[in-house]
Amino acid sequence: MSAPTSPRISVLAFGAFGVGTSGYIVAGLLPALTGELHVSATAAAQLVTAFAIAYAVGSPVFAAATGTWERRTLLVAALAVTGAGNLFAALAPGYGSLLVARVVTAVGAAVFTPAASAVAAELTVPERRGRAVALVFGGLTVALIFGVPLGSLISQHLGYRTAFALVAAFSLASAVAVRLALPTVAPPPRVRLAERFAAGRDPRVLVMLATTVLACLAAFMVYTFVSPLLAATAGVHGTTVTVLLFCYGVGGAVGNFAGGRATDRWGSRAPLLVVVVAITIVMALLPLTTATPVAAGISLFVWGLATWSFNPPVQHRLIELSPGHAGLVLSLNASAIYLGVGLSGVVGGAVLASGGPLLLPEVAAALTLVALLLVGAAWGRVREPREPVAVG
């Protein structure tokens with residue numbers, strides 16, 4: 001086992017950056033996509049929905065189907081599929097084939113992220129697992145901070161195809177790095193499909209998954225429509241919104257690592273409760289705390305910090321509840337994340353149409369309050385697992 005700052009854990013974070021950029025990049029490419037494909041913004045946004053649905057469905061299915069694969073081989077294959085999907089997107093002749101490419105990309109991402117989290121936990125001493133998992137998810141936050149703006153910049157000058165091609169190249173390079181840097185990691189013992197999904201029937205696991213769906217739905221329904229929200233509260237547009245989103249991303253990076261350290265120090269329960277309370281308060285106050293550009297920058301930093309502190313304690317709790325099926329429950333959690341993301345556009349759009357942008361954070365706060373009540377009511381006592389974490 002190794003510390004979470006070891007090169008092999010860092011390689012997993014680089015892979016997560018590749019799959020994270022693959023997932024988030026469409027948001028930065030929307031103007032180029034609408035212009036080059038001659039489709040509406042609504043149609044272009046369906047590329048996000050296609051990715052999210054394919055990810056949500058594919059994560060548990062492929063976790064079960066590849067349960068007996070050696071883990072390094074699985075991670076390399078997942079990154080190769082992600083790279084191939086992005087290359088297909090760069091070469092796709094039209095909108096329909098681009099939708100298919102997004103589904104292919106999502107399959108690779110759906111396999112990689114939970115498997116990488118489980119391998120990071122396996123390769124790290126128990127008292128540092130929270131930070132190891134946070135480091136992997138740090139790749140996703142860096143994708144949010146740099147991947148999306150960089151993709152947007154590239155697409156403005158060289159077209160969206162070049163952006164997809166560069167993400168493909170990075171994903172394939174990450175596959176090579178994982179193959180060279182990681183040791184072989186044995187899969188868990190072979191079990192029947194029904195036995196693999198038994199962990200998902202644990203009520204405590206279901207509560208965590210429901211909490212993830214609600215938190216991600218709340219966060220992304222506001223993030224997706226943050227431009228009209230900031231226009232209504234602070235009167236800002238264009239480049240200023242990009243700078244404010246950068247503040248959110250920086251807060252997210254800080255929050256991700258802070259969440260990992262807090263989980264290692266205090267366990268999963270206290271940090272998770274504190275984080276959900278913080279998210280609820282920040283959401284509820286957003287219409288008031290984003291009245292000026294400076295205040296909005298501070299508010300979005302705090303919002304990003306609170307939101308991205310959420311993942312480490314949730315994943316730690318899931319591993320704690322089902323140490324023998326860590327890969328499976330983490331894949332279910334990944335599905336829950338993208339289910340929330342997929343629902344956010346639909347729910348957020350309905351709220352925006354019916355009540356305007358100022359209602360978005362209030363509805364989001366109500367959703368996270370429900371998540372808080374779920375966690376507080378259903379948290380049960382659990383003994384520290386004696387068995388090693390399984391990575392399948």
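Note that the structure is predicted; figures quoted are calculated from it, not measured.

What counts, and where the lines are drawn
- Numbering of residues starts from 1 in each chain and follows the order in which that chain's sequence is written.
- Totals for whole chains, interfaces and linings use every residue, but because this is a predicted model, local features are given only for residues with pLDDT of at least 70 and side-chain atom pairs only at 80 or more, for both listing and counting.
- To obtain the side-chain values, all non-hydrogen atoms of the structure were included, while hydrogens and water were left out.
- Numbering of helices and strands runs from the N terminus; a helix is a DSSP stretch of H or I covering at least four residues, while a strand is a stretch of E covering at least two.
- Note on exposure labels: buried denotes an accessible area under 20% of the residue type's maximum, exposed denotes more than 50%, and partly exposed covers the range between, all computed with a 1.4 Å probe on protein chains only.
- Between two residues, a contact is recorded if the distance between any of their heavy atoms is within 4.5 Å.
- Reported accessibility uses the Shrake-Rupley method at a 1.4 Å probe radius. Residues are deemed covered only where the shown protein chains occlude them.
- Surface patches are drawn from residues lacking salt bridges whose relative accessible area is over 30%; two like charges belong together within 9 Å, two nonpolar side chains (Val, Leu, Ile, Met, Phe, Trp, Tyr) within 5 Å.
- The salt bridge definition used is simple: a Lys or Arg side-chain nitrogen within 4 Å of an Asp or Glu carboxyl oxygen.
- Each polar contact in these results corresponds to two N or O atoms within 3.5 Å; when the atoms are within protein, one needs to be able to donate a hydrogen and the other to accept it, and residues that are neighboring in sequence are counted only if both atoms are side-chain atoms.
- Residues are said to line a cavity or pocket when one of their atoms sits within 4 Å of a point; the points come from a 1 Å grid over protein atoms alone, cavities being sets where a 1.4 Å probe fits but cannot get out and pockets being open sets with protein on both sides within 12 Å along at least five of seven lines.
- Grid points are joined across faces, edges and corners, and a volume is the space filled by probe spheres set on the points.
- How far a helix is expected to stretch is found by multiplying one less than its residue total by 1.5 Å.
- The arc refers to the directions leading from the helix axis to the C-beta atoms.
- In this description, a line fitted to the C-alpha atoms serves as the axis of each element, helices being fitted only across the stretch in contact, and the angle between N-to-C directions of two axes falls anywhere from 0 to 180 degrees.
- Every angle not falling under 35 degrees, over 145, or within 65 to 115 is termed oblique; those three ranges are roughly parallel, roughly antiparallel and roughly perpendicular.
- Should the near helix be turned counterclockwise from the far one by less than a right angle, the crossing is left-handed, whereas a clockwise turn marks it as right-handed.
- Each residue is assigned to one of three groups, with Ala, Val, Leu, Ile, Met, Phe, Trp, Tyr, Cys and Pro labelled nonpolar, Asp, Glu, Lys and Arg labelled charged, and all others, Gly among them, labelled polar.
- To pair, rings of Phe, Tyr and Trp, with the six-membered ring standing in for Trp, must have centres within 6.5 Å; the planes then decide the type, stacked if under 30 degrees apart, edge-to-face if over 60, and tilted in the middle.

Asks: Help me understand the overall build of the chain, please; the structure alone is not making it clear to me.
Replies: The helix and strand tally for the chain stands at 15 helices and zero strands. For the chain, the residues scored as buried account for 56% of the 392 residues in total. Partitioning the contacts of the chain with sequence separation of at least 6, the portion at a separation of at least 24 is 86%. When the accessible surface of the chain is totalled, it reaches about 15300 Å², and 71% of it is carbon and sulfur.

Asks: So what exactly am I meant to see when it comes to a nonpolar patch on the surface here?
Replies: On the surface, Ile 53, Val 57, Val 61 and Phe 62 cluster together to form a nonpolar patch covering roughly 340 Å² of accessible area. Relative to the assigned elements, Val 61 resides in helix H2 (residues 41-65). For Val 61, a relative accessible area of 46% gives the class partly exposed.

Asks: How should the side chain of Ser 299 be read in this particular structure?
Replies: Structurally, the position occupied by Ser 299 is in helix H12 (residues 293-308). For Ser 299, a relative accessible area of 10% puts it in the buried group. Of note is the side chain of Ser 299, whose polar atom sits 2.7 Å from the backbone oxygen of Thr 289. Among all residues touching Ser 299, those that are not within four sequence positions of it are Leu 286, Thr 289 and Thr 290.

Asks: Would you mind going over empty space enclosed by the protein with me for this structure?
Replies: Think of a ball as big as a water molecule: rolled over the atoms, this probe shows where empty space is left. Counted under the stated rule, the structure contains four cavities of 30 Å³ or more. Here the largest cavity defines a volume of roughly 260 Å³. In this structure, the largest cavity is lined by 20 residues; those nearest its centre are Cys 216, Phe 220, Trp 308, Asn 311 and Ile 337. Those elements that place two or more of their residues in the lining of the largest cavity are helix H1 (7-37), helix H4 (95-122), helix H5 (129-158), helix H8 (203-224), H12 and helix H14 (326-355). Examining the composition of the lining of the largest cavity, we find that four residues originate from one element, H8, more than from any other.

Asks: Looking at this structure, how should I read H8?
Replies: Side chains three or four residues apart in an α-helix point the same way, a direct result of the helix having 3.6 residues per turn. Over its 22 residues, H8 runs 31 Å from end to end, which matches the ideal 32 Å to within 8%, given 1.5 Å per residue. A large share of H8 lies buried, amounting to 17 of its 22 residues.

Asks: Sorry, what's going on with helix H6 (residues 160-181) here?
Replies: Taking 1.5 Å as the rise per residue, H6 with 22 residues should run 32 Å; its terminal C-alpha atoms sit 32 Å apart, in good agreement. All buried positions along H6 are accounted for by Tyr 160, Ala 163, Phe 164, Val 167, Ala 168, Ser 171, Ser 174, Ala 175 and Val 178. The buried residues of H6 occupy an angular sector of 140° when the element is viewed end-on, so they sit on one face.

Asks: What is the right way to read the pattern of salt bridges from this model?
Replies: Side-chain pairs of opposite charge can arise whenever the charged atoms involved come near each other. One pass over the structure, following the stated rule, counts one salt bridge. With a closest N to O distance of 3.1 Å, Glu 320 and Arg 317 form a salt bridge. One end of the pair is Glu 320 and the other is Arg 317, both in helix H13 (residues 311-321) and three residues apart, which spans about a single turn.

Asks: In this structure, what is going on with the environment of Ser 335? I would like to understand it.
Replies: Mapped onto the elements of the fold, Ser 335 is located in helix H14. The class for Ser 335 is buried, based on a relative accessible area of 8%. Sequence separation between Ser 335 and Thr 212 is 123 residues, and the spatial gap between their C-alpha atoms is 9.4 Å.

Asks: I would appreciate a short explanation of the packing of H8 against H13 in the present structure.
Replies: Helices that pack against each other are described as a pair by the angle of their axes relative to one another and the distance between those axes. The N-to-C vectors of H8 and H13 enclose an angle of 165°; their axes lie 10 Å apart at closest approach. Between H8 and H13, the crossing angle belongs to the class labelled roughly antiparallel. In terms of crossing hand, the pair formed by H8 and H13 is left-handed. Counted together, Arg 204, Val 205, Met 208 and Thr 212 of H8 and Val 314, Arg 317, Leu 318 and Leu 321 of H13 form the full contact between these two elements. Counted by class, the contact of H8 with H13 contains five nonpolar, one polar and two charged residues.

Asks: I'm lost on unusual backbone geometry in this one. Help?
Replies: One can expect most non-glycine residues to show negative phi and most peptide bonds to be in trans. Even without a glycine there, the phi angle at His 38 is positive, about 60°. Of note, His 38 is situated in the loop between H1 and H2. With a relative accessible area of 70%, His 38 lands in the exposed category.

Asks: What is the right way to look at the environment of Leu 373 in this model?
Replies: Structurally, Leu 373 can be placed in helix H15 (residues 360-378). By relative accessible area, Leu 373 is classed as exposed at 57%. C-alpha of Leu 373 to C-alpha of Val 276: the two residues are 97 residues apart in sequence and 9.8 Å apart in space.

Asks: Just to check I follow, could you spell out the packing of aromatic side chains for this structure?
Replies: Working definition: an aromatic ring pair is given by the centre-to-centre distance plus the angle between the planes. One pass over the structure, following the stated rule, counts eight aromatic pairs. Residues Phe 51 and Tyr 338 carry aromatic rings whose centres are separated by 5.8 Å and whose planes lie at 55° to one another, so their mutual orientation is tilted. In this pair, Phe 51 is assigned in helix H2 and Tyr 338 in helix H14, connecting sequence segments 287 residues apart. Tyr 338 shares its class with Phe 51; the two are buried. Between the aromatic rings of Tyr 55 and Tyr 338, the centroid separation amounts to 3.8 Å while the plane-to-plane angle is 25°, which identifies the pairing as stacked. Here Tyr 55 is found in helix H2, whereas its partner Tyr 338 is found in helix H14, with 283 residues between them in sequence.

So far we have only geometry, and geometry alone does not tell us how the molecule works.
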